[in-house]
Number of protein chains: 2
Amino acid sequence: TQQLLLSGRTPRTKPFRVTNADRSVKKGIMADTLQDLMNKASDSLSVQCASAMLLDEDGTGVDTEEFFQTLLDNTVLVVLEKGQKWTPHPNSPPRDQL
Amino acid sequence: TQQLLLSGRTPRTKPFRVTNADRSVKKGIMADTLQDLMNKASDSLSVQCASAMLLDEDGTGVDTEEFFQTLLDNTVLVVLEKGQKWTPHPNSPPRDQL
């Protein structure tokens, strides 16, 4: 995984796993840019108006293309609509215990 | 991650995760210097006047560029405004239990 981080600057089509605010649906989606992923996730998860993309693990907002490009293959993201909030995953232990 | 530490002296744009004093918002931000991160975090988190950047895990103040350059990719930092204080993460177990 270290290689991916270091080589992650050039847009490359990568697999992501995107879920919705209540984590009732999760989809595997290929995307090369943040906007591409937002569009495809909105379609795939029937999200009306996607407003934010966050890391499932700790709710970090992925707002910039630069940061998006550092994400590893199969990173799990949560897509939110306006008014929705990220909540910690109910089945996850605190990060420090992993 | 060891490789990153050893090569970390030359400013390199790295991903960080920055949160605010009450940890209500967290953003993924790319930055190459401490000042760069302070500026971008202030914008991204709507912090009026950032006064300090601390490690989320234990409240260590990151005051110098040299120390900043040793931080690993995706280190979680807390940006504080004047008068705000770092508090231990509410969901973390005491470090001794790790």
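Right above here is the structure, for reference.
It should be emphasised that the depicted structure is a prediction, and the values quoted were computed from it without experimental measurement.

A.B. asks: Explanation requested: the overall build of chain A in the structure shown.
C.D. replies: Of regular secondary structure, chain A possesses three helices and four strands. Traced from its N-terminal end to its C-terminal end, chain A shows the element sequence α-β-β-α-β-α-β. Evaluated residue by residue, chain A yields a buried proportion of 41% over its 98 residues. For chain A, the share of sequence-separated contacts (at least 6 apart) that also reach a separation of at least 24 residues comes to 58%. Counting every atom, chain A has about 5,500 Å² of accessible surface; 49% of that belongs to carbon and sulfur.

A.B. asks: Before we go on, may I ask you to explain the sheet that holds strand 2 (residues 26–31) of chain B in this structure?
C.D. replies: As a general point, the strands of a sheet are linked pairwise by backbone hydrogen bonds and lie either parallel or antiparallel. All names here are of chain B. With respect to topology, four strands assemble into an open sheet ordered 2-1-4-3, the strand pairing being mixed. In the strand order of this sheet, the two ends are held by strand 2 and strand 3 (50–55), each with one partner. For this sheet the average axis-to-axis angle between neighbouring strands, irrespective of direction, equals 35°. Both strand 1 (residues 14–19) and strand 2 contribute to a ladder of six bridges, which runs antiparallel. Across the sheet, R17 pairs through a bridge with G28, a residue of strand 2. Of the strands in this sheet, strand 1, strand 2, strand 3 and strand 4 (75–81) are in contact with helix 2 (residues 34–44), which crosses strand 2 at around 145°.

A.B. asks: Looking at this model, I keep getting lost on the environment of A:E65. Mind explaining?
C.D. replies: All names here are of chain A. Among the structural elements, E65 can be located in helix 3 (residues 65–68). Counting along the chain gives 30 residues from E65 to Q35, while the straight-line C-alpha distance between them is 8.2 Å. When residues no more than four places from it in sequence are discounted, the contact partners of E65 are D32, T33, L34 and Q35.

A.B. asks: What is the right way to look at helix 2 of chain B in this model?
C.D. replies: Residue pairs spaced three or four apart in an α-helix point in one direction, given the helix's 3.6 residues per turn. All names here are of chain B. Within helix 2, burial applies to L34, D36, L37, M38, A41 and S42. Tucked into the core, helix 2 has its buried residues touching strand 1, strand 2, strand 3, helix 3 (65–69) and strand 4. Residue S46 follows helix 2 closely and has a positive phi angle near 55°.

A.B. asks: Whenever I open this one, the environment of B:T13 confuses me. Can you help?
C.D. replies: You can see B:T13 is positioned in the loop between helix 1 (2–6) and strand 1. Each C-alpha atom of the pair B:T13 and B:D32 lies 4.1 Å from the other, and the pair is 19 residues apart in sequence.

A.B. asks: Mind showing me how you'd approach the nonpolar core here?
C.D. replies: Inside soluble globular proteins, nonpolar side chains tend to come together where they are buried. In this structure, A:F16, A:V18, A:L37, A:M53, A:V62, A:L71 and A:L77 are the most contacted members of the largest nonpolar core, which totals 19 residues. Those elements that place two or more of their residues in this core are strand 1 (14–19), strand 2 (26–31), helix 2 (34–44), strand 3 (50–55), helix 3 and strand 4 (75–81) of chain A. Dropping the residues within four chain positions of it, A:F16 is found in contact with A:K27, A:G28, A:I29, A:A31, A:L37, A:F68, A:L71, A:L72, A:N74, A:T75 and A:L77. Formed by 17 residues, the second largest nonpolar core is a distinct cluster that contains B:V47, B:L55, B:V62 and B:L71.

The rules behind these values
- Residues numbered from 1 in each chain as written.
- Chains lettered and ligands numbered in written order.
- Predicted model: local features only at pLDDT ≥ 70, side-chain atom pairs only at ≥ 80, totals over all residues.
- Heavy atoms only, no water.
- Helix = DSSP H or I, 4+ residues; strand = E, 2+ residues; numbered from the N terminus.
- Buried < 20%, exposed > 50% of the residue type's maximum accessible area, 1.4 Å probe, protein only.
- Contact = heavy atoms within 4.5 Å.
- Areas by Shrake-Rupley, 256 points an atom, 1.4 Å probe, with all protein chains shown as cover.
- Pairing = 2+ DSSP bridges.
- Axes fitted to C-alpha atoms, helices over the stretch in contact; angles between N-to-C directions.
- Core = buried A, V, L, I, M, F, W, Y, C linked by side-chain atoms within 4.5 Å.

Nothing here speaks to function; it is all geometry.
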